[in-house]
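Examining the three-dimensional arrangement
In case you want the letters, here they are:
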Amino acid sequence: MASSHSSSPVPQGSSSDVFFKKEVDPTKHIRPVQSLPDVCPKEPTVTDQHRWTIYHSKVNLPAALNDPRLAKRESDFFTKTWGLDFVDTEVIPSFYLPQISKEHFTVYQQEISQREKIHERCKKICPPKDTFDRTLLHTHDKSRTDLEQVPKIFMKPDFALDDSLTFNSVLPWSHFNTAGGKGNRDAASSKLLQEKLSHYLDIVEVNIAHQISLRSEAFFHAMTSQHELQDYLKKTSQAVKMLRDKIAQIDKVMCEGSLHILRLALTRNNCVKVYNKLKLMATVHQTQPTVQVLLSTSEFVGALDLIATTQEVLQQELQGIHSFRHLGSQLCELEKLIDKMMIAEFSTYSHSDLNRPLEDDCQILEEERLVSLVFGLLKQRKLNFLEIYSEEMIITAKNIIKQCVINKVSQIEDIDTDVVLKLADQMRMLNFLQWFDLLKDIFSKFTIFLQRVKATLNIIHSVVLSVLDKNQRTRELEEISQQKNAAKDNSLDTEVAYLIHEGMFISDAFSESELTPIAIDTTSQRNASPNSEPCSSDSVSEPECTTDSSSSKEQTSSSVTPGAVDIMVNEDMKLTDLELGKLANNVQELLYSASDICHDRAVKFLMSRAKDGFLEKLNSTEFITLSRLMETFILETEQICGRKSMSLLGALQSQANKFVNRFHEERKTKLSLLLDNERWKQADVPAEFQDLVDSIADGKIALPEKKSGATEERKPAEVLIVEGQQYAVVGTVLLLIRIILEYCQCVDNIPSVTTDMLTRLSDLLKYFNSRSCQLVLGAGALQVVGLKTITTKNLALSSRCLQLIVHYIPVIRAHFEARLQPKQYSMLRHFDHITKDYHDHIAEISAKLVAIMDSLFDKLLSKYEVKAPVPSACFRNICKQMAKMHEAIFDLLPEEQTQMLFLRINASYKLHLKKQLSHLNVINDGGPQNGLVTADVAFYTGNLQALKGLKDLDLNMAEIWEQKR
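Numbering of residues starts from 1 in every chain and runs along the sequence as written. Only residues with pLDDT of at least 70 get local features here, since the model is predicted, and only at 80 or more are side-chain atom pairs given and counted; chain-wide, interface and lining totals rely on the full set of residues. As a rule here, side-chain values cover all heavy atoms of the structure and leave hydrogens and water aside.

Taking an unreviewed UniProt entry as the reference, the chain is identified by name as Vacuolar protein sorting-associated protein 54 belonging to Neophocaena asiaeorientalis asiaeorientalis. UniProt positions are given in the numbering used here, feature names are shortened, and annotations may be inferred rather than shown by experiment. Taken verbatim from the UniProt record of the chain, the Sequence similarities (unreviewed entry) comment is "Belongs to the VPS54 family." Looking at the Subunit (unreviewed entry) heading of the UniProt record, one finds this comment for the chain: "Component of the Golgi-associated retrograde protein (GARP) complex, also called VFT (VPS fifty-three) complex, composed of VPS51, VPS52, VPS53 and VPS54. EIPR1 interacts with GARP complex and mediates its recruitment to the trans-Golgi network. Interacts with VPS51 in an EIPR1-independent manner."

Structural notes on the overall build of the chain
Strands here mean DSSP runs of E at least two residues long; helices mean DSSP runs of H or I at least four residues long; both are numbered from the N terminus. Each helix and strand counted, the chain has 32 helices and four strands in total. Contact between two residues is taken to exist if any of their heavy atoms lie within 4.5 Å; hydrogens are not considered. In the chain, the share of contacts with a sequence separation of at least 24, taken over all contacts with a separation of at least 6, comes to 78%. Working definition of accessibility: Shrake-Rupley area with a 1.4 Å probe, residue cover restricted to the visible protein chains. By element, 56% of the accessible surface of the chain is carried by carbon and sulfur atoms, the whole surface being about 60,300 Å².

Structural notes on a negative patch on the surface
Patches were defined on residues exceeding 30% relative accessible area and lacking a salt bridge, with like-charge contacts within 9 Å and nonpolar side-chain contacts (Val, Leu, Ile, Met, Phe, Trp, Tyr) within 5 Å. We count a salt bridge whenever a side-chain nitrogen from Lys or Arg sits within 4 Å of a carboxyl oxygen from Asp or Glu. Positive charges come from Lys and Arg, negative ones from Asp and Glu, while His and the chain ends are left out of the count. Charge positions are represented by NZ for Lys, CZ for Arg, CG for Asp and CD for Glu. On the surface, Asp684, Glu718, Glu887 and Asp891 cluster together to form a negatively charged patch. One can find Glu887 in helix 30 (residues 873-889). Classification of Glu887 by relative accessible area gives exposed; the value is 62%. The classification of residues rests on relative accessible area computed with a 1.4 Å probe and restricted to protein chains. Under 20% of the type maximum is buried, over 50% is exposed, and intermediate values are partly exposed.

Describing the pattern of salt bridges
All chains considered together, the criterion is met by 13 salt bridges. For Asp596, the salt bridge identified is with Arg643, shortest N-O distance 3.1 Å. With a gap of 47 residues between them, Asp596 in helix 20 (residues 577-609) and Arg643 in the loop between helix 21 (620-641) and helix 22 (647-677) connect regions that are remote in the sequence. Classification of Arg643 by relative accessible area gives partly exposed; the value is 32%. A cluster of three or more residues bridged by salt bridges with shared partners is formed by Arg662, Glu666, Arg667 and Glu742.

Here we look at the side chain of Asn749
Looking at where Asn749 falls in the secondary structure, it is placed in helix 25 (residues 731-749). Owing to a relative accessible area of 9%, Asn749 belongs among the buried residues under this scheme. Discounting chain neighbours no more than four positions away, the residues touching Asn749 are Ile624, Ser627, Arg628 and Glu631.

Thoughts on the packing of aromatic side chains
Aromatic pairing here means that ring centres of Phe, Tyr or Trp (its six-membered ring) are within 6.5 Å. Orientation follows from the plane angle: under 30 degrees is stacked, over 60 is edge-to-face, and everything else is tilted. Taken as a whole, this structure holds 14 aromatic pairs when the rule is applied. With centroids separated by 6.3 Å and ring planes inclined at 40°, the aromatic side chains of Phe446 and Phe633 adopt a geometry described as tilted. Placement of the pair is Phe446 in helix 16 (residues 432-491) and Phe633 in helix 21, with a sequence separation of 187 residues. For the pair Phe446 and Phe633, a shared accessibility class is recorded, and that class is buried. The interplanar angle of 40° and the centroid separation of 5.6 Å between the aromatic rings of Phe659 and Phe663 together place this pair among those described as tilted.

Overview of the nonpolar core
Working definition of a nonpolar core: buried Ala, Val, Leu, Ile, Met, Phe, Trp, Tyr and Cys residues. They are joined through side-chain atoms within 4.5 Å. Within the largest apolar cluster, 195 residues are counted, with the highest numbers of intra-cluster contacts made by Ile338, Trp435, Ile805, Phe816 and Tyr909. Examining the composition of this core, we find that 18 residues originate from one element, helix 16, more than from any other. Those residues within four positions of Ile805 in sequence are excluded, and the remaining contacts are Val733, Leu736, Ile737, Ile740, Leu765, Phe768 and Tyr838. Leu147, Tyr200, Ile203 and Val204 belong to the second-largest nonpolar core, a separate cluster that totals five residues.

Points about the packing of helix 11 (residues 300-316) against helix 13 (residues 367-379)
Whenever a helix is involved, its axis is fitted only over the stretch in contact; in every case the axis is a line through C-alpha atoms, and angles between N-to-C directions fall within 0 to 180 degrees. Running from N to C, helix 11 and helix 13 point in directions that differ by 35°, and their axes come no closer than 8 Å. Contacts from Phe300, Val301, Leu304 and Asp305 of helix 11 reach helix 13 at Ser372, Leu373, Phe375, Gly376 and Lys379. In this classification, Asp, Glu, Lys and Arg are treated as charged, Ala, Val, Leu, Ile, Met, Phe, Trp, Tyr, Cys and Pro as nonpolar, and every other residue, Gly included, as polar. Grouping the constituent residues of the contact of helix 11 with helix 13 by class yields five nonpolar, two polar and two charged.

Some thoughts on the confidence of the model for the chain
For the chain, the average pLDDT comes to 76, and 75% of its residues sit at 70 or higher. pLDDT: the predictor's confidence for each residue, scored from 0 to 100. The model gives residues 1-49 a pLDDT under 50, and that stretch makes 37 contacts with residues more than four places away or in other chains. This model gives residues 493-571 a pLDDT under 50, and the stretch forms 92 contacts once residues within four places in sequence are excluded.

Section: unusual backbone geometry
Peptide bonds are trans in most cases, and residues, glycine excluded, mostly fall at negative phi. For the bond running from Ala868 to Pro869, omega is 0°, close enough to zero to count as cis. In this structure, Glu723 is a non-glycine residue whose phi angle is positive, near 55°. Of note in this structure, Ala779 is not a glycine but carries a positive phi near 60°. The class of Ala779 is partly exposed, set by a relative accessible area of 22%.

Some points on helix 31 (residues 895-920)
Helical geometry note: an α-helix holds 3.6 residues per turn, so side chains three or four residues apart project in the same direction. Helix span, expected: 1.5 Å multiplied by one less than the number of residues in the helix. In this model helix 31 runs 36 Å from its N-terminal to its C-terminal C-alpha over 26 residues, within 8% of the 38 Å that 1.5 Å per residue would give. Within helix 31 the residues assigned to the buried category are Thr898, Leu901, Phe902, Ile905, Asn906, Ser908, Tyr909, Lys910, His912, Leu913, Gln916 and Leu917. Along its buried surface, helix 31 packs onto helix 29 (829-861), helix 30 and helix 32 (928-946). Asn921 sits one or two positions beyond helix 31 and adopts a positive phi of about 60°.

Considering the state of the cysteines
Note on terminology: pairs of cysteine sulfur atoms within 2.5 Å are recorded as disulfides. By the definition in use, this model includes zero disulfides. Among the cysteines around Cys746, which has no disulfide bond, Cys744 carries the closest sulfur, lying 10.0 Å off.

Things to note about the packing of helix 10 (residues 287-296) against helix 11
It is the contact of helix 10 with helix 11, at a shortest axis distance of 8 Å, that shows an interaxial angle of 165°. By the criterion of interaxial angle, the relationship of helix 10 to helix 11 is roughly antiparallel. Between helix 10 and helix 11 lies a crossing of left-handed hand. Side by side, helix 10 and helix 11 meet where Thr287, Thr290, Val291, Leu294 and Leu295 of the first sit next to Phe300, Gly302, Ala303, Leu306, Ile307 and Thr310 of the second. To sort the angles, those under 35 degrees are grouped as roughly parallel, those over 145 as roughly antiparallel, those from 65 to 115 as roughly perpendicular, and the leftovers as oblique. Crossing handedness is defined as follows: a turn of the near helix away from the far one that is anticlockwise and smaller than a right angle gives a left-handed crossing, while the clockwise case is right-handed.

The following block contains the structure:
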């Protein structure tokens, strides 16, 4: 029914023409539609003869019911018809609605009139093809009106009586209820319902028949066209069959052979790939046994390379193969086992290398084994092997000292090892020479030990640097290859064949088929050569052969050979350049650490021997010998390792400081004892001291070696000759010069104590100056030594000794200055202060001598009287005392100093004489008193100039007279 309605032949134009005609009144031809009674009658309602809807409402019902203005409701309120007259009120027109008149439609009528004229003109020119007359139109309208009588529920597309709601709507149960007194009424209703349904059926059947009659021609035409369509289909089927036969022939003649060749080529390539894959699987299957064989020969690098290659093959070429699903984890566990084995092997190698006999000339033990281990450890990033080597170095250093002590103690028969159990106590029983030989042996063993460590670490360092260099070159080559590949990719042709045959590009099939003959030719050439191995008939393509050869090359490169560095550097290391550089620095630091370890063990050895004060008891020669040995060892280790270790140097400096303190205290005590026992008399100078002074004059500031025989025949001299000058000295000064030379020689032997020695020597010289001053000028020798008095000879001798020390102070200063650093030159000011103190002391002694004569002049000249005889007794005593003074000092002091001293004494004499003459009122008037005084003065002058060395002394005795006013 829906299709019949949609294909209705009634044209729209004809219907529109009917509706647009003004002279046709539709109310005259179409009567109003009258609906049938409701199928399901509802509650009774108030209706009138006209059907009322809600749109007819003009009054608000609630307002009408609730009107408060009505005192009484109408009696017919519920019976009268609802409408405008229901309530007697006037509806006031709305102010919002405009009043519509005909003038409002004038504009519309003007527009429509023009269009209507055009439409009428077009109808006259092209009259419509009206195939239906008025009767048909009327019939159509009538049928439509009849169909409207049928309820809409029957027209729904989902109409189904099995739906309870639809069934109750069509057949209400209320019409079939016979209970009570409504049976007749229900029967009538059921009959009426049956008639209505029959009526609806008739209307539908009539309309269907009408529609079929309208489309009868179309049905007959369709039946006629069916036979023609079957003929056309038959011809088309025959044409398709012929076309398929031709295509099949073309495929058989032109395509089937070529495609079969391609299929065979693809099949062959696939077979080759499967064969190569099986070969690769067979090789991979032999990985674990091969690794076991390599590990049995300590080929760790080869085993690791094989494992790495196998893992790479499993991940790239054999991924997803079920039989190898556990091989990857097994190889990982095997790799961890190899890591542990390499660490244990390196520990064993370190122990064997460092603990082998030091007398062995071989510097490096099994170099190839070491290189292999280092490469394997680097490959696995096990960088803690240097810590293992460091721990082994510490243990070896301890064992070296222990073994040397055991060997030395075993050679000494005086040491009973059964009584003295501890090795340290046994070592302390050695004397200096035995202990010194032991220390020398330890140092020599340590030197050999460091040389071996350096050789081993140099190999490790070279391996690390080789890997670092190779990484850098590989990176450069990769960058160059990437640039070349980028340039090649830009020049490649980008055309791609999209014809696909069995999942592959046709172009790929051709390219692989082209590679196959090449492989066959290559295989035939190999078989033809006499040295080539026979190959199977299923030859392998070149790419697969390349894979096998590369894997074999990797296995070959794992073997350790003398040129192992060049071969194994080609392996891919996992370390970065930063890590390799840091590792190289750690290797160098490990060499420094080896030197520090040896020095630390040597320091502990020294400290264990120094517990009983052994080192403090050494004499200068022994300590200097020990110091030279230690300095030599420090220098040798610095040359081997490239850095000076400070522990042994610090221990040496500490012992040197203790030695300097003891050295200084011993000599200061010795000097103090010498001064306390010195009687300040001129001592004879032994020949050895003269030789000592002569060596200093020759520029050799050192204690001369004793000469046998010659020294015994030489007699001691009265004075000490220094650079042509004679020095009368006491024995203490001779020993002091020797002590000073000991200080200087100690500085030469132990340069590290130069500053301390300078300070101590300055203190010693100051002590001699101050103590000699106390004993001589301060007259301390009267109580200390028991001298009766301090004579002028004692004073002159003390002055001459001080002058000798002052003479040597510049020499000592130059000696220390040559051995001080420029920043330490400020310490030389101590010698300037000492020189000044000595000069002041010498001046005080000279002043003391003058003061002695001054007091004598004051005593004698105060009693002087100008009278006969001539010379007077006073002047005789004065000349006598002057002669004694000259006799006491002339042999001690140089002639120039003697003259200067007597000039000062003469000046004092003239001052006192002048004072006495002034007191006596004796003037230079040529009188008798003047003559007497002149005679006494001439006697004094003659006697004084008669003394040795004072002949040319200008006394200028005219100054005794006061100037005339």
